[in-house]
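What the coordinates show
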Amino acid sequence: MTTSQRLTFEGNPDRRTGNAHKDSPEQPEPYVVSPELKKAVNLAIYLRRPLLLEGDAGCGKTRLASAVAYELGSPLYRWDVRSSTKAQDGLYEYDALLRLHDVEVHRIQPDQTSQSKNDENEDGRIPEHRNPSNPKHYRRLGPLGQAFRLRDRPAIVLIDEIDKADLDFPNDLLTVLDDPWEFTIRETGETIKADPAYKPIIIITSNKEKGNLPAPFLRRCLYHYVDFPNDAELLKKIIEQHYQIRKTTPPPAKLVDIAVNRFLKLWREGGLFKKPGTSEFLDWLLTLHKFELEPYDAEQLESKQVLPYRELLFKLQQDWKNSAKAS
Amino acid sequence: MSDFDSQDAVLRMFLRLRSNGFQLGIGEYRAALEAIEGGFGKDPEALAETLKLLWCHSPAEQTYFDPIWESLPKQVSVQKRRKPPFPGNKKTQPAYPERFQEMWEPDRSIPQESLPPKQPDLEMASLPIQAPYLMTGEEEQSTPLAYYPISRRSMVYSWRYLRRPVADGPADVLDIEATIRQVTRQGYYIAPVYTRRQRNNAHLLLLLDQNGSMTPFHHFTRDLVETAKQESSLIPENVEVFYFQNVPAGSVYQDPYLTEPLSLNEVLGRCDGGTSVLIVSDAGAARGYRMRERVRGTARFLYQLKRYTSLIAWLNPMSAKRWVGSSAEIIANSIPMFQMDNAGLSNAIDVVRGQPLKYSYS
């Protein structure tokens, strides 16, 4: 593979080409990517190893996937992990009861069945007109299953909050996310194999809520810790990009300056039980700017002891009380 | 030395990290080589970043990486001066800016005598001719802080084997096979067949030695209790925890501070033949004592306990080597005793779930 044809991520939404996949995000994602993170993404794309992102909540772990998918024009399949999620759910689900139900309906109203045109059911979803004699009509492919079927470009699969799942979940995933990149649907006997040239790009986020992930899983992953943009310049760049991509007028520069300073001061001072993240800051800034008819007065923001709209920043009782005491 | 042998650096780093306890396999090594081929390690800095991404899986590991990496370049140059470079490995690569060369070559402007006698770097430099340092066991780790033979996660794993599934929960598990079987038998479909949810009926009694010589191990016992109660498949009500000091004679305590006593007979009264009893105590091995009273008291207690259940195991936070000569050695001959590490805990759980392999001390 030469460098020219190799997929790379530059953190520049304008690189998106015209023939994006239909499952690719429609809206550009305002995302300021650090050089280290950019390298991590490119390495993950090159080696096709899962990229594990850890970091505080609201620091842009999840958003990275849509930024990458938008820029590459690749489909994004998002898999939100819950505590009851099994590794197989990401591959496919099989609705045996629906099939049984259809057999009964078919018996009562035989004329109603319409022969479905797509016998292969390439869509991966359960079609409207089903034929109970075709088992393929009752399987629904999960995010990974859909990503494995792509034949013209790699898909981005976001496995969000993997730490919430059962203990075995990460290890079960490993067997699929490794050579030969295939799995079998037991009910239909199909084997779905990813095209070796277009293996999916996996981005995994974790909040470390339930302790560490298992070592064999970690071993396979690339690891990057997403830090809070603890720097005024960086934060301003993020603000700028947000308003640029949303095509709305940014708040007055002075308000931004003071808001950034006050926020960073709060963040660096410590003593908070839960530090607010980037997303909370952006919400707060938007509120300062747009919630009232007039933008919040910058001087007042600087001089006031108690922060305005602090309900957006403090999410724990203790923090809330401390913030009211005025530092 | 004008070029930078990234392959060599990767191999050295790989061996060094592995010997420092990083969980890396050949697959990870090959991934690093592949990354270099892909141009992700063109200069030392880029290579270090790449390796960090690939091989370090927590911020802690990343901070661990840097000092090891820093010590590496000098090592390479020492090696290079000693013998000519491998002819086949030579690749023409662009020369590096001055600062890399400085980093790679020891500064020759300073005469050898003026160097400080012992520097950590220089100490590292002698390492390539030594065999890589391998951790041979917990005996090697001298400080109590490093004594961490079993992780919380492996406790969670081990607890899962303690199960006695009984289908007595609510009937809400869809049995597809039974549904289809019923439909074919009846000829028509009425409703899906549900089976009852399985519950783990295992009953665990944890008896924990507290205070005194057990003080350094309190974080283990606390983890053990927490994982058993919250992160295992056991039903929390079926996990009973009692504390004692040295020997559970007469009464045990319901709290770790030994303030709420409960008579031993009452506790044992709750046991039946299916109750799994796990005792955690150093049995005198921590201080190496061999006290007749302790052994006698423990034997009396065990005799009493064995009238209720035979699913009894003893976890000793001290390693088996330290039992010799202490009361632990005597007790270990009358009851399955295991040191508290991964294998020990899973063996102990094997015993208390009633499926022991043949274990015997001595």
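Just so it is clear, the model here is predicted, and its values are computed rather than measured.

**Things to note about the overall build of chain B**
Looking only at helices and strands, chain B features 13 helices and nine strands. Residue burial in chain B is summarised as follows: out of 362 residues, 29% are buried. The contacts of chain B with a sequence gap of at least 6 include a subset with a gap of at least 24, amounting to 72%.

**What about the overall build of chain A?**
When helices and strands are tallied, chain A shows 11 helices and nine strands. Its C-alpha atoms give chain A principal-axis dimensions of about 75 × 55 × 40 Å. Counting across all 327 residues of chain A, residues that qualify as buried make up 33%. Partitioning the intrachain contacts of chain A with sequence separation of at least 6 by distance along the chain shows that 77% fall at a separation of at least 24.

**A word on the environment of A:Glu93**
Residue and element names in this part refer to chain A. Within the element layout of this structure, Glu93 appears in strand 3 (residues 92–94). For the pair formed by Glu93 and Phe183, sequence separation is 90 residues and the distance between their alpha carbons is 13 Å. If we skip the residues at most four places from it in the chain, Glu93 touches Arg140 and Gly142.

**Topic: the pairing of strand 8 (residues 312–316) of chain B**
Walk down a regular strand and you will see the side chains alternate between the two sheet faces. All names here are of chain B. Summarising burial for strand 8: five of the five residues are buried, a large majority. Side chains Ile312, Trp314 and Asn316 of strand 8 all project onto a buried face; the interleaved residues Ala313 and Leu315 project onto the opposite face, where all are buried too. Note: strand 7 (residues 275–280) against strand 8, four bridges, orientation parallel. Residue pairing across strands places Ile279 opposite Trp314, the latter belonging to strand 8. Regarding topology, helix 11 (residues 292–306) serves as the crossover connection from strand 7 to the parallel strand 8, and that connection is right-handed.

**Structural notes on the sheet that holds strand 9 (residues 222–226) of chain A**
All names here are of chain A. Reading across the sheet, the five strands line up as 2-5-8-1-9 and stay open at both edges, with parallel pairing between neighbours. The open sheet has two free edges, formed respectively by strand 2 (76–80) and strand 9, since each of these has just one partner strand. Sheet twist, expressed as the average angle between the axes of neighbouring strands with direction ignored, equals 20 degrees. Where strand 1 (residues 51–55) lies against strand 8 (residues 201–206), four bridges are found, and the strand directions are parallel. Bridge pairing in strand 8 places Leu51 opposite Ile203. The sheet strands contacting helix 1 (residues 35–47) are strand 1, strand 8 and strand 9, and the helix crosses strand 9 at an angle near 155 degrees. Running over the sheet, helix 2 (residues 61–72) touches strand 1, strand 2, strand 5 (156–160), strand 8 and strand 9 and is turned about 170 degrees from strand 5.

**A closer look at the packing of helix 7 (residues 232–246) of chain A against helix 8 (residues 253–269) of chain A**
Residues and elements named next belong to chain A. Direction vectors running N to C along helix 7 and helix 8 enclose 130 degrees, while the axes themselves pass 10 Å from each other. With respect to their mutual orientation, helix 7 and helix 8 come out oblique. Crossing of helix 7 against helix 8: the hand is right-handed. Facing helix 7, whose interface residues are Ala232, Leu235, Lys236 and Ile239, helix 8 presents Val256, Val260, Asn261 and Leu264. Of the residues that constitute the contact of helix 7 with helix 8, the class distribution is six nonpolar, one polar and one charged.

**Remarks on the interface of chain A and chain B**
Taken together, the contact pairs 23 residues of chain A with 26 residues of chain B. Elements supplying a minimum of two residues to the side of chain A that touches chain B: helix 1, helix 3 (96–108), helix 6 (215–220) and strand 9 of chain A. Class assignment of the residues belonging to the side of chain A that touches chain B gives a composition of 14 nonpolar, four polar and five charged.

**A short note on the domain arrangement of chain A**
Residue and element names in this part refer to chain A. Looking at chain A, the domain boundaries give domain 1 (13–84 + 143–226), domain 2 (93–136) and domain 3 (232–325). Here the C-alpha centre of domain 3 lies 31 Å away from the C-alpha centre of domain 1. Contact with domain 1, which involves eight residues of that partner, is made by 11 residues of domain 3.

**Description of the pairing of strand 4 (residues 239–244) of chain B**
Here strand 4 of chain B lies mainly inside the structure; five of its six residues are buried. Since strand 3 (residues 203–209) of chain B and strand 4 of chain B lie parallel, the crossover through helix 9 (residues 218–230) of chain B that links them has a hand, and here it is right-handed.

**A closer look at helix 8 of chain A**
Residues and elements named next belong to chain A. Over its 17 residues, helix 8 runs 24 Å from end to end, which matches the ideal 24 Å to within 8%, given 1.5 Å per residue. Considered for burial, the residues of helix 8 that qualify are Leu255, Val256, Ile258, Ala259, Val260 and Leu266. Its buried side turned inward, helix 8 meets helix 7, helix 9 (278–290) and helix 10 (298–303).

**Here we look at the nonpolar core**
Core analysis: the largest hydrophobic core is formed by 73 residues, its most contacted members being A:Leu51, A:Ile156, A:Ile203 and A:Leu222. Here this core gets eight residues from one element, more than from any other, and that element is helix 1 of chain A. The contacts of A:Leu222, once residues within four sequence positions are left out, are A:Ala40, A:Leu43, A:Ala44, A:Arg49, A:Leu51, A:Leu52, B:Leu53 and B:Leu54. The next biggest cluster of nonpolar side chains, apart from the first, holds 53 residues, and it includes B:Met155, B:Leu205, B:Ala286 and B:Ile349.

**Focus on unusual backbone geometry**
Residue and element names in this part refer to chain A. For the peptide bond that leads from Asp179 to Pro180, omega is 5 degrees, which places it in the cis range. Note on placement: Pro180 falls in the loop between helix 5 (169–176) and strand 6 (182–185). In this structure, Trp181 takes a positive phi of about 55 degrees despite not being glycine. With respect to the helices and strands, Trp181 occurs in the loop between helix 5 and strand 6. Here the phi dihedral of Lys247 falls at roughly 55 degrees; this positive angle occurs in a residue that is not glycine.

**With respect to the environment of A:Pro13**
Residues and elements named next belong to chain A. Mapping Pro13 onto the fold places it in the segment before helix 1. When the 18 C-beta atoms within 10 Å are taken as the criterion, Pro13 is described as partly exposed. Along the chain, Pro13 and Gly277 lie 264 residues apart, while their C-alpha atoms are 23 Å from each other. Sequence-distant contacts of Pro13, defined by excluding residues within four places in its chain, comprise Pro28, Tyr70 and Glu71.

Criteria and thresholds
Residues numbered from 1 in each chain as written. Chains lettered and ligands numbered in written order. Predicted model: local features only at pLDDT ≥ 70, side-chain atom pairs only at ≥ 80, totals over all residues. Helix = DSSP H or I, 4+ residues; strand = E, 2+ residues; numbered from the N terminus. Buried ≥ 20, exposed ≤ 12 C-beta atoms within 10 Å, placed from the backbone. Contact = placed C-beta atoms within 7 Å. Pairing = 2+ DSSP bridges. Right-handed = clockwise from strand over helix to strand, strands pointing away. Axes fitted to C-alpha atoms, helices over the stretch in contact; angles between N-to-C directions. Parallel < 35°, antiparallel > 145°, perpendicular 65-115°, else oblique. Left-handed = near helix turned anticlockwise from the far one by under 90°. Nonpolar A, V, L, I, M, F, W, Y, C, P; charged D, E, K, R; others polar. Domains from an automatic or database assignment. Expected span 1.5 Å × (residues − 1). Core = buried A, V, L, I, M, F, W, Y, C linked by C-beta atoms within 7 Å.

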